[in-house]
Amino acid sequence: THLNILKTNFFCGFSEEERTCGNIPDIDHSDIKPSVLPYHHGDSVEFSCREAFTMVGPRFITCISGAWTQPPQCIGQNIYLKLTFSICSHSVEI
C-alpha cells in the first residue's frame, strides 16, 4: 500500500499558500503592471522603468511566504553608462 503525504509548512497557524504580501515596494522611476490584491504566495508583479532609466535587477518580484523577493532599481542612463564603464574597465599597476 502507498500513502500519499501532503507536506505543508505552517507559520503561526497559516500555510505558506495562505500568507499574503503587503504593499509592492516603491521603486523610484518605475511603473508596475496592475494586478489584483491581495498578493498571495507565488504571485508575481512586473516592473518597467520610465523613459531615460535603465533597469538593474529582475523585472519581476514574487511573493514568497509573505515577503517580496528583491526588487529591481531604475537608474538614469547616464549613471548606468558610468557604472558599466567603471565595472568593465580596469587598470593595471606595474
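Residues numbered from 1 in each chain as written. Predicted model: local features only at pLDDT ≥ 70, side-chain atom pairs only at ≥ 80, totals over all residues. Heavy atoms only, no water.

Undergrad: What's the story with the sheet that holds strand β4 (residues 30–32) in this structure? I'm lost.
TA: Strands sit in the order β4-β6-β8-β9 across an open sheet of four strands; the sheet is antiparallel. Of all strands in the sheet, those with a lone pairing partner are β4 and β9 (67–68), marking the two edges. Alignment of strand β8 (residues 60–64) against β9, held across two bridges, turns out to be antiparallel. Pairing of Ile-64 across the sheet is with Ala-67, part of β9. (Pairing = 2+ DSSP bridges. Helix = DSSP H or I, 4+ residues; strand = E, 2+ residues; numbered from the N terminus.)

Undergrad: Even after reading the chapter, I still don't get the state of the cysteines, so can you show me in this structure?
TA: Simply put, disulfide is the name for a covalent bond between the sulfur atoms of two cysteines. If you walk through the whole model with that rule in mind, you get two disulfides. Disulfide partner of Cys-21: Cys-63, at an S-S distance of 2.2 Å. Here Cys-21 and Cys-63 share a disulfide; its torsion about the S-S bond, 95°, makes the bridge right-handed. With Cys-21 in strand β3 (residues 20–21) and Cys-63 in strand β8, this residue pair connects regions lying 42 residues apart in the sequence. When sorted by exposure, Cys-21 lands in the same class as Cys-63, which is buried. Residue Cys-49 pairs covalently with Cys-74 via a disulfide, S to S 2.0 Å. (Disulfide = S-S within 2.5 Å. Buried < 20%, exposed > 50% of the residue type's maximum accessible area, 1.4 Å probe, protein only.)

Undergrad: Please clarify how the packing of aromatic side chains should be interpreted in this entry.
TA: Within a pair of aromatic rings, the relevant descriptors are the distance that separates the centres and the angle that separates the planes. Within this structure, the stated rule accounts for one aromatic pair. Pairing Tyr-39 with Trp-68 gives two aromatic rings, centres 5.2 Å apart and planes at 65°, and the pair type is edge-to-face. Taken together, the positions of Tyr-39 in strand β5 (residues 39–40) and Trp-68 in strand β9 put the pair 29 residues apart, joining distant regions of the chain. This pair shows no difference in class: Tyr-39 is buried, exactly as Trp-68 is. (Phe/Tyr/Trp six-rings, centres within 6.5 Å; stacked < 30°, edge-to-face > 60°.)

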